[in-house]
There are 2 protein chains.
Amino acid sequence: MKNLPHKTIERLSQYRRALLLCHAKGMTYIYSHEIAKIQHITAVQVRRDIMLIGYTGTLRKGYNVKELIDLIGQIIDSKEGINVCVVGIGNLGRAITNYFSGKRTKLSIVAVFDVDKGKVGKKYHGIECFDLADMTKIIKEKKIEIAIMTVPGEDAPMISDMLVKAGIIGMLNYTPKPVNVPKEVYLEEYDMITSLEKVAFFVKTH
Amino acid sequence: MKNLPHKTIERLSQYRRALLLCHAKGMTYIYSHEIAKIQHITAVQVRRDIMLIGYTGTLRKGYNVKELIDLIGQIIDSKEGINVCVVGIGNLGRAITNYFSGKRTKLSIVAVFDVDKGKVGKKYHGIECFDLADMTKIIKEKKIEIAIMTVPGEDAPMISDMLVKAGIIGMLNYTPKPVNVPKEVYLEEYDMITSLEKVAFFVKTH
DNA sequence: AGAAAAATGTTAATTATTTCACAATGTTAA
DNA sequence: TTAACATTGTGAAATAATTAACATTTTTCT
Ligand SMILES: NC(=O)c1ccc[n+]([C@@H]2O[C@H](COP(=O)([O-])OP(=O)(O)OC[C@H]3O[C@@H](n4cnc5c(N)ncnc54)[C@H](O)[C@@H]3O)[C@@H](O)[C@H]2O)c1
Ligand SMILES: NC(=O)c1ccc[n+]([C@@H]2O[C@H](COP(=O)([O-])OP(=O)(O)OC[C@H]3O[C@@H](n4cnc5c(N)ncnc54)[C@H](O)[C@@H]3O)[C@@H](O)[C@H]2O)c1
């Protein structure tokens, strides 16, 4: 299941989120146009994505919610699970830690790091905060593969280098400072100001 | 300057962010490949984006940093400035309010709203928190056009409807619950779990 | 039973975005 | 003064993503 388009991967994650809610409400089947409605996209797009992962629904009945959830899991989750850490437990780091905890069994935040001695040793949503100085050691001990960076922008390049040296293979950078990583490391960056400016621009142009 | 690709708009915002840093450091000219390096993209892409906004650099000297910053501003900022509000001043709302304040003169967070009476009346980074019950009134009074939602997911649809009725024309939804808005309202949604799952997926497939 | 309706699955067409390739031209160095 | 070089600007090609169109199948209705 290699060559899935990037956009399809994003949508599969979103479908699953929506499907989990539907499943919790007791729905057993769902139509492509119902999924589409939730995600503000077209039904064809949903069907195409589902086709790409090789699932087939039942004609006139739609897709089996539980089966689809499980299949999406097989595609996007890694079997053994992946350990994640958050670096910088300020407002954003706490929001993320809080939001993620317990949401996905295959992705667990298992450590947070900070330089602030007042934070080291404390727990955030059940996850222990370690001293930045011990980061490399803990990343190896706990087999952490993905890092989320929420430190001040000016420290991002330095922390990024440390994370790469410690063996991280995926990074999510929420600081406003783009970082450089070797090509073996998968990097995703997101900045809220860019999103807001985009909204502001398209608001003007209807 | 209508038909700029969505992706170009996002990148222009990112270029400006980078250029502002360069300008602050005293750089007066910058090459396309230098901008490209910062953003992890190709120099051609940078040149094409700049071409699309009708700016031309100086051969072998690159682009004038200040001029380019100003031109990007003319394209993506609205002349009069836009007022923004944040609904739900929890961890994420505070992180956003903190991060945005003073960053962009043309986009100002001028109010935050919450239901928690303990928060109403307090100031967050200099911005007053109002009672949700007064939201419609305040949005009109303060001419707020864009809203950022950081309330619990289950309240998102209700708050979204209220915001639309109050006259909002752009919305940034950070709750995990997709919302429906009329087509006149420009909506952007972002979920960190989707980003993290994407990283996890591509980490597996090199 | 047969016709109409409502879905899925998929090929082909379209649209959006990125990259290639290279002409044009100013700069540096011999 | 000329050759080599470095950089911009852009048409054309390539790639990626979305949408249209429709055959197919199941269900429902008459
Ligand atoms: N991407 C976005 O959309 C977005 C939104 C909000 C904030 N931000 C950025 O996220 C980062 C964090 O924002 P915040 O509001 O949580 O800030 P914050 O100041 O509340 O938190 C920063 C935390 O990092 C810690 N820290 C500082 N230096 C460190 C280091 N070298 N190593 C480890 N920890 C360190 C601090 O002790 C603090 O706990 C900032 O860079 C901010 O600009 C990004
Ligand atoms: N998109 C993302 O990546 C991301 C990341 C983290 C959190 N989240 C989501 O953002 C939201 C906020 O997260 P948080 O960590 O700040 O939560 P939080 O509980 O710290 O904050 C929620 C705030 O909203 C207020 N609130 C509750 N109901 C309200 C209502 N009806 N109207 C106005 N205010 C109301 C609460 O009083 C509180 O101040 C949640 O939906 C969470 O799932 C999203």
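Residues numbered from 1 in each chain as written. Chains lettered and ligands numbered in written order. Predicted model: local features only at pLDDT ≥ 70, side-chain atom pairs only at ≥ 80, totals over all residues. Heavy atoms only, no water.

S.K.: Can you walk me through the overall build of chain A in this structure?
M.R.: When helices and strands are tallied, chain A shows 8 helices and 9 strands. C-alpha atoms of chain A, sized along the principal axes, occupy 60 × 45 × 35 Å. Looking at chain A residue by residue over its 206 residues, the buried ones come to 51%. For chain A, the computed accessible surface area is about 9900 Å², with 54% contributed by carbon and sulfur atoms. Within chain A, one finds 30 positive and 22 negative side-chain charges whose respective centroids are separated by 8 Å. (Helix = DSSP H or I, 4+ residues; strand = E, 2+ residues; numbered from the N terminus. Buried < 20%, exposed > 50% of the residue type's maximum accessible area, 1.4 Å probe, protein only. Areas by Shrake-Rupley, 256 points an atom, 1.4 Å probe, with all protein chains shown as cover. Lys, Arg positive; Asp, Glu negative; His and termini not counted. Charge placed at Lys NZ, Arg CZ, Asp CG, Glu CD.)

S.K.: Hey, could you run me through the site of ligand 2 in this one?
M.R.: Ligand 2 sits among 25 residues. The nearest are Asp114(B), Lys119(B), Val151(B), Tyr174(B) and Met192(B). Looking at the residues close to ligand 2, they fall on chains A and B. Backbone polar atom of Asn91(B) to an oxygen atom of ligand 2: 3.0 Å apart, as the coordinates give it. In the complex, the protein chains occlude 86% of the 840 Å² of accessible area that ligand 2 would expose alone. (Near = heavy atom within 4 Å. Polar contact = N/O pair within 3.5 Å; in protein donor to acceptor, adjacent residues only side chain to side chain.)

S.K.: When you look at the relation of the copies chain B and chain A in this model, what are you seeing that I'm missing?
M.R.: In this structure, two copies of a chain are linked by a rotation about an axis accompanied by a shift along it. Between chain B and chain A, which share one sequence, the superposing operator has a rotation angle of 180° and an axial displacement of 0.0 Å; the RMSD is 0.0 Å. One copy is carried onto the other by what is essentially a two-fold rotation axis. A shared binding surface is used by both copies, with 100% of the interface residues of chain B retained as interface residues in chain A. (Least-squares fit on C-alpha atoms with pLDDT ≥ 70 in both. Contact = heavy atoms within 4.5 Å.)

S.K.: For this particular structure, what's the right way to read unusual backbone geometry?
M.R.: It is generally the case that most residues other than glycine have a negative phi and that most peptide bonds are trans. Not every positive phi belongs to a glycine, and Lys143(A) is a case in point at roughly 50°. If you trace the backbone, Lys143(A) turns up in the loop between α6 (135-141) and β7 (144-149). For Lys143(A), a relative accessible area of 62% puts it in the exposed group. Phi at His125(B) takes a positive value of approximately 50°, unusual for a residue other than glycine. Note on placement: His125(B) falls in the loop between β5 (123-124) and β6 (127-131).

S.K.: Before we go on, may I ask you to explain the domain arrangement of chain A in this structure?
M.R.: Often, the extent of an interface is quoted as the loss of accessible area upon association of its parts. Domains assigned within chain A are domain 1 (6-74) and domain 2 (82-193). In this structure, domain 1 of chain A and domain 2 of chain A have C-alpha centres spaced 31 Å apart. (Domains from an automatic or database assignment.)

S.K.: Could you clarify how one ought to interpret the environment of Arg60(A) in this entry?
M.R.: All names here are of chain A. Relative to the helices and strands, Arg60 resides in the loop between α3 (43-52) and β2 (63-64). Judged by relative accessible area, which is 76%, Arg60 ranks as exposed. Measuring from C-alpha to C-alpha, the distance between Arg60 and Tyr31 comes to 8.3 Å, with 29 residues separating the pair along the chain.

S.K.: Is there a simple way to think about the packing of helix α1 (residues 6-24) of chain B against helix α4 (residues 65-76) of chain B in this case?
M.R.: For any two helices packed against each other, one specifies the inter-axial angle together with the distance between the axes. Residue and element names in this part refer to chain B. Here α1 crosses α4 at 145°, and the two axes come no closer than 9 Å. Of the two elements, α1 crosses α4, and the hand of that crossing is left-handed. Facing α1, whose interface residues are Ile9, Leu12, Ser13, Tyr15, Arg16, Leu19, Leu20 and His23, α4 presents Val65, Lys66, Leu68, Ile69, Ile72, Gly73, Ile75 and Ile76. Looking at side-chain class alone, the contact of α1 with α4 contains 11 nonpolar, 3 polar and 2 charged residues. (Axes fitted to C-alpha atoms, helices over the stretch in contact; angles between N-to-C directions. Left-handed = near helix turned anticlockwise from the far one by under 90°. Nonpolar A, V, L, I, M, F, W, Y, C, P; charged D, E, K, R; others polar.)

S.K.: Whenever I open this one, the protein's contact with DNA strand C confuses me. Can you help?
M.R.: For DNA strand C, the set of nearby residues contains 23 residues, the closest of which are Ser32(A), Arg48(A), Thr56(A), Gly57(A) and Arg60(B). Looking at DNA strand C alone, sugar and phosphate atoms form 51% of those within 4 Å of the protein. Within the side chain of Arg11(B), a nitrogen or oxygen atom sits 2.9 Å from a phosphate oxygen of DNA strand C. Considering each element in turn, the surface near DNA strand C owes the most residues, 4 residues, to α3(A).

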